[in-house]
Amino acid sequence: MVTEAAVVSDPPLKKAKTCAPAHATAHFMKDDVPFGFADACEAGAKGRQGFAVAEELMEGQTLQLTPIPAEATFEREGVELLDVRAELEAVGITEDNFDPTCKDHRLAVGSVLIRKAEQRFGPGKKGVHMADTSRVSGAAVYGEATVRDTTPGSSLRMAHHAFHMDKFLPGVAKFWNKAGKQEGAKAFVDTYWQHWKPDFARFNMDEVATATCVEKERPGLVNLWVSLTKGEIEQQPLVVMDKQSIELEGEEGLRNVSTVPVTFPGLRDTLTILRSRAVEKGRWFWRPKMRFGEVLLFSTTTTPHSAVWLKDAPLDKPRRSAEMRIFIVDDTCASSAQVSA
């Protein structure tokens, strides 16, 4: 039975065991693929919800993975570790009973992640769920976490094997023949506003306020990614790129990426994929043996991330996870001027 969450303090995260460096195969867009290539993504690929990036446009690279430092922060490296295991247990969700196909379970996970975001950036902050493509591919509702399940035969979303940023604002702007973060934020919000308007009305937020929140990135739009795998993740973990190790400003930043369309009925979205040229100087973070309830917090607009294939690990180990993109706004937000920026 799923119950209302209690306020639970974060338990101390266990340090990752010292071990030999891990290596993985990750996928990046080929450098010669044109920016904005129209056929880069396929909706409903392989009978799954969501979409997949065309494999022929990608190329594999071997990465050396570094455990996320205990002192890593969202603000500096672009990622940090949190834990919601106790909060999940408080609402009746455990690694033994979690059912990714159960809407009530997905809503319970979503409520826990929203509260964790508010706890991390509060006091006085409110987390507002950003409905993503799961709204049009999966019939998700407000507050429902987007779940991925690599188990063969599942119809849920699969793991994304393409290093990307969901909403890289300069890339979004360029895709729509504009320039700059402000234009990128406006274009992104305009794309989704038909789906968001009823959700944001309850928080007294209009389209301008929402675009300002995204543009300012303080923190703006964040992603909480939680392992829901029983035991620990053995294959296809999420890896994030230390944002200090890639140039994302100006023309050089745009040369390192390609923003491509993701099209569903009633929605023409975008995804920004890293090119192979960005790999050489990259530093790649992961949580070894990531356990049920452990969370990666990172920026939706500036932190590249992807599932990877671990070398020297079984390929058939399934992974379950959930994610939510959450706007962080002032709790008393009532107008554009009051949005956390």
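So, here is what we can say about the structure in this document.

Here is what the cut-offs are and how they apply
Residues numbered from 1 in each chain as written. Predicted model: local features only at pLDDT ≥ 70, side-chain atom pairs only at ≥ 80, totals over all residues. Heavy atoms only, no water. Salt bridge = Lys/Arg side-chain N within 4 Å of Asp/Glu carboxyl O. Helix = DSSP H or I, 4+ residues; strand = E, 2+ residues; numbered from the N terminus. Buried < 20%, exposed > 50% of the residue type's maximum accessible area, 1.4 Å probe, protein only. Core = buried A, V, L, I, M, F, W, Y, C linked by side-chain atoms within 4.5 Å. Contact = heavy atoms within 4.5 Å.

What follows is about the pattern of salt bridges. Counted by the stated rule, this structure contains 24 salt bridges. Of the charged contacts, one joins D149 and R320 as a salt bridge, the two residues approaching to 3.4 Å between their closest N and O atoms. One end of the pair, D149, is in strand β7 (residues 146-149); the other, R320, is in strand β17 (residues 320-330), and 171 residues separate them in sequence. Exposure remark for R320: the relative accessible area of 29% places this residue in the partly exposed category. Within the structure, one salt-bridge network assembled from shared partners comprises R148, D166, E323 and R325.

Right, let's get into the nonpolar core. By size, the foremost hydrophobic cluster in this structure holds 39 residues, and its most contacted members are M29, V128, F188, W196, I273 and F327. At the level of secondary structure, the elements contributing two or more residues to this core comprise β3 (51-53), α3 (169-175), α4 (181-201), α5 (207-216), β11 (257-264), β12 (267-274) and β17. When residues of this core are assigned to their parent elements, the largest contribution, eight residues, is made by α4. Excluding residues within four positions of it along the chain, F188 makes contact with M130, K167, V172, W196, V214 and L221. With 28 residues, the next largest nonpolar core counts V84, F121, V147 and L156 among its residues.

Any link to function would need more than the numbers given here.
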